[in-house]
Structure formats: C-alpha cells, structure tokens
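# A look at the structure
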Amino acid sequence: MRLTERFLKYVTFDTESDEASGAAPSTPGQRVFAEELVKELQELGLEDITLDDKCYLMTTLPANTDKKVPVIGFIAHLDTSPDLCGKDVKPRRISYAGGDILLSDKEQIVLSPKMFPELNDYIGQELIVTDGTTLLGADDKGGIAAIISAMEYLKEHPEIPHGKIRIAFTPDEEIGQGADFFDVEKFGAEWGYTIDGGQIGELEYENFNAAAAKVLFKGLNVHPGTAKNKMVNASLLATQFAAWLPASQRPEHTAGYEGFFHLIAMSGSVEEASLSYIIRDHDRALFEQKKQLLATLVATMNELYPNSTRLEIRDQYYNMREIVEPKKFIIDLAFEAMTAVGVTPIVKPIRGGTDGARLSFMGLPCPNIFAGGHNFHGRYEFLPVESLRKSMETIVKISELLMDMWNQ
C-alpha cells in the first residue's frame, strides 16, 4: 500500500479520545483501529506483534545484519484530539496553486494564507485537507502511516542494513494518558522517537512542564431580595479569581519559551463554580512558581471569603530535555538523517507535550520528529504529501545511519 493511500485509509477510523470515559483505551474506536493495524502488520511480515488489553500495539522489524547496534524504537499514537469531531472525516487531495482553499461551500469555510501564511510554503505541492467540518487526523495518523511505510520500505530493500527496530502505537495521547500503561521493559529499545511533530523538519527534545489545575468555589445562595451582606456568589468569585491571573501569561500572548495559564473550561452558579486551567512552562523553576501563584491566590480568596475556595492540581509531564540532552547523539542522528534526505532540521521547543516526554522519564529517551501536518486539532488541518513522505524517509535513514554511527 502506498504511503498516501495508507494515510487516507487511517483517517476513516473514528479514534477521538475522551478524558471523561475512565476506560483504557478511553474510546472503543481506538481498539478497532489497532486491530486493523494488527492485520496490516501481519501482512507485511513484521514479528512479535502484540496488542494488549489497554490497546498498546507493539511489533518488531528484525535486524537484517549481524552487526551489533542498539535497538531503537518509533512511536505514534492511535487517538485523535477530542477538540473537534474526528468521525466521518472526508479528506480531499488538491494540487495547491496558491490562494484560498474552499473547504466547504455550504458553510463557507475557507483555508486561507491570509490566516495561515505557511500555506505559501507549499505552492506547487499536493495537500490533503478536510471538508471543514472535522479535523483531518494527521496528528497522529500521519505518524503511524510514516512508520509503517518506512518498515515496509526497509523490508522491500534488504540492501539497506539495519538493526532490530521496535514499533509502538499508543492510545489516549491527546488526553495525556498515552504513557500510562506503556511497558518500557517489554518495548526493549534503548531510545526511541515519537513521530508526532508538525511541519516538515521539526526536531524537538524540549517540551513544556505541564500541570492541570481546577479551582472550585463555594458560594452562599439566598433570595436576592434579602441578599444584602449575606449572599456570596460563587460565579463572581470565579471571575474575580480569573482576573487576578496575569493577562500577559495567557497562550494568546506568549510564544517560544514563554509559559502560560490557559483557562480551558468554566462552569458556575451562585452556589458553586469552577475554573479549569492547564499550566505550562519550559523552565522548571518558573513552572513551580506558576503553581505556587495559584495556591497563593486561593489562600487570598479564602482570607476574603472564608472556606470558599479549593485548589486541585496535578502534574502531567516534565521537560524531556533533562533526560535527552545528556545523550545528544540521539538528536545528532535524527539531524543527520533529515539532512541526508533533503530536509532542513528545525530544532525548537515543543509548545506542548508528547508521549515522549513521559517516556523519557520512564527510562526511554524519546525526542519528537515531524509527521508533516499543520493546524492540528482543528478544521483547518492540512497535510502536505511531500512532508509525509519526508517523514517516512527520515525514519528509514535513521535506521540506516545508526549502523554507520555504531560501527565506525
């Protein structure tokens, strides 16, 4: 199966994850997709194929040489973001000549370089887009397609020497649970690469430190006609609290290494209210300061309104740099592979996270490599076919160059 057709098949599977489900995997569509991948891997002749009860799919491409090299791994995730519908995806291939792309005539949804100037980098290339009513799913079905196609290519070209390669496809990455049940010992690789990045050339080994926080407010509801000096409106406490956080540290005002507080959900009545935040910062000390600021503001609110406010907070993942950087040759290998296939590496921090962040702290150093897509998690997502092909070629070249690096 050709790379592009493989990707177009994968996006037909509805694999949105669901943080509220409490199941593992969080949605049944992920297992349906994984079971289909098992059949495909069997047809390709890969070995040691396992799909466990938590929907972690692993397999092996055996070494085709007696030379000793480390076992490396490539990892992608099965689920797509719950931020937008991933069901009934209708991908469309277009030859992009520039200008606006009409995704939906009925709803007048337009993908425009006025909003997304990066489109201009792909004039003359083939793009895969949606009809504007769903996301596309290149995050991370592009990564899965690139990995499987790379393994197929290596099997079809035995003249390319390579060591043992391990593959893993994980569930629920988009809801922060992709590494929850990942068996690093079973995987058996010395290091890995998640194929979960965006635009062509992305090579990332720094990511946010991340936490989730929920601030809960308890009010006192009495009849508004007799409320003077009695009522405490929980919804107003919530809006007051939100206004205390620095506006300059919101996502829409930050870039690069700057962290943020991101209000992702809110609910409220007079009696009860809540604010849900995600907290992000690349710098561990600044990350801890952000968490402390929330705690300080909660204490202040309780001084003004006793026993009114409670904070729930949990760390989600940490910056993989402290694990990967001491083994910089992992990055150097990927950098050299990209250059060898004609891709200019873009080494930059991830303003987000991947499974690789948690896996790095679990003993599997795991930087992130591009899958090629843009505008993940939304209706304007698109995937340049050439970028997807270069992702596949990078995986092949990493496998090949490792042999030369280790036997010099």
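Scoring rules and cut-offs
- Residues numbered from 1 in each chain as written.
- Predicted model: local features only at pLDDT ≥ 70, side-chain atom pairs only at ≥ 80, totals over all residues.
- Heavy atoms only, no water.
- Helix = DSSP H or I, 4+ residues; strand = E, 2+ residues; numbered from the N terminus.
- Buried < 20%, exposed > 50% of the residue type's maximum accessible area, 1.4 Å probe, protein only.
- Contact = heavy atoms within 4.5 Å.
- Areas by Shrake-Rupley, 256 points an atom, 1.4 Å probe, with all protein chains shown as cover.
- Lys, Arg positive; Asp, Glu negative; His and termini not counted.
- Charge placed at Lys NZ, Arg CZ, Asp CG, Glu CD.
- Salt bridge = Lys/Arg side-chain N within 4 Å of Asp/Glu carboxyl O.
- Polar contact = N/O pair within 3.5 Å; in protein donor to acceptor, adjacent residues only side chain to side chain.
- Core = buried A, V, L, I, M, F, W, Y, C linked by side-chain atoms within 4.5 Å.
- Pairing = 2+ DSSP bridges.
- Axes fitted to C-alpha atoms, helices over the stretch in contact; angles between N-to-C directions.
- Phe/Tyr/Trp six-rings, centres within 6.5 Å; stacked < 30°, edge-to-face > 60°.

## Considering the overall build of the chain
On a plain count of helices and strands, the chain comes out with 10 helices and 17 strands. Dimensions along the principal axes, computed over C-alpha positions, put the chain at roughly 85 × 50 × 35 Å. Expressed as a percentage of the 408 residues in the chain, the buried residues total 52%. When contacts within the chain are restricted to residue pairs at least 6 apart in sequence, those whose partners lie at least 24 apart make up 78%. Surface accessibility of the chain: about 17,800 Å² in total, with carbon and sulfur atoms responsible for 51%. Positive and negative side-chain charges of the chain, numbering 40 and 60 respectively, have mean locations separated by a distance of 3 Å.

## Side note on the side chain of D79
Of note, D79 is situated in the loop between β3 (72-77) and β4 (92-95). Buried and without a salt bridge, D79 has K141 as its closest oppositely charged side chain, separated by 9.1 Å. Looking at D79, its side chain comes within polar contact range of the side chain of S17, at 2.8 Å. At a separation of 3.3 Å, a polar atom in the side chain of D79 contacts the main-chain amide nitrogen of D172. Setting aside anything within four residues of it in sequence, one finds D79 in contact with T15, S17, Q30, D139, D140, T170, P171, D172, E173, E174 and I175.

## Things to note about the nonpolar core
Within the largest apolar cluster, 72 residues are counted, with the highest numbers of intra-cluster contacts made by F7, F74, M151, F169 and Y193. If we skip the residues at most four places from it in the chain, F7 touches I128, L136, G137, A138, K141, G142, A145, L383 and L388. Formed by 20 residues, the second largest nonpolar core is a distinct cluster that contains A213, V215, L275 and L294.

## Examining helix α1 (residues 3-10)
Across the eight residues that make up α1, a large majority, six, are buried. Of all the positions in α1, only L3, T4, R6, F7, L8 and Y10 are classed as buried. Looking at the buried residues of α1, the elements they touch are α2 (28-44), β4, β7 (126-129), α3 (138-156), β17 (382-384) and α10 (385-406).

## So, the sheet that holds strand β14 (residues 309-317)
Judged by pairing direction, the sheet is antiparallel, and its four strands sit side by side in the order β12-β13-β11-β14 without closing on themselves. Whereas interior strands pair on both sides, the edge strands pair on one side only; in this sheet they are β12 (260-268) and β14. Strand-to-strand twist of the sheet, defined as the mean angle between neighbouring strand axes without regard to direction, takes the value 15°. The strands touched by helix α6 (residues 284-304) are β11 (209-218), β12, β13 (272-281) and β14; relative to β14, the strand with the most contacts, the crossing angle is about 165°.

## Considerations on the sheet that holds β4
If you trace the three strands from one edge of the open sheet to the other, you get β4-β7-β17, paired in antiparallel fashion. Of all the strands in the sheet, the pair left with one neighbour each is β4 and β17. Each strand of the sheet is rotated relative to its neighbour by a mean of 25°, with strand direction disregarded. Sheet analysis places β7 next to β17, joined by three bridges and oriented antiparallel. Across the sheet, L127 pairs through a bridge with P384, a residue of β17.

## Points about the side chain of S26
Structurally, the position occupied by S26 is in the loop between α1 and α2. Assessed through its relative accessible area of 6%, S26 is described here as buried. Of the polar contacts made by the side chain of S26, one reaches the backbone nitrogen of D18; its length is 2.9 Å. In this structure the side chain of S26 is engaged in a polar contact, spanning 2.6 Å, whose partner is the side chain of D172. If we skip the residues at most four places from it in the chain, S26 touches S17, D18, S21, D172 and I175.

## Examining the packing of aromatic side chains
Applying the stated criterion across every chain, the model contains 14 aromatic pairs. Aromatic pair F241 and W244: ring centres 6.2 Å apart, planes at 50°, arrangement tilted. Of this pair, F241 and W244 both sit in helix α5 (residues 234-244), three residues apart, roughly one helical turn. A relative accessible area of 29% means that W244 is categorised as partly exposed.

## Considering unusual backbone geometry
Cis geometry marks the peptide bond from A24 to P25, where omega comes out at 5°. Tracing the chain through its elements places P25 in the loop between α1 and α2. The step from D139 to D140 runs through a cis peptide bond, and the omega angle for that step is 15°. Residue position: D140 is located in helix α3. Phi at D88 is positive, roughly 55°, even though this residue is not glycine.

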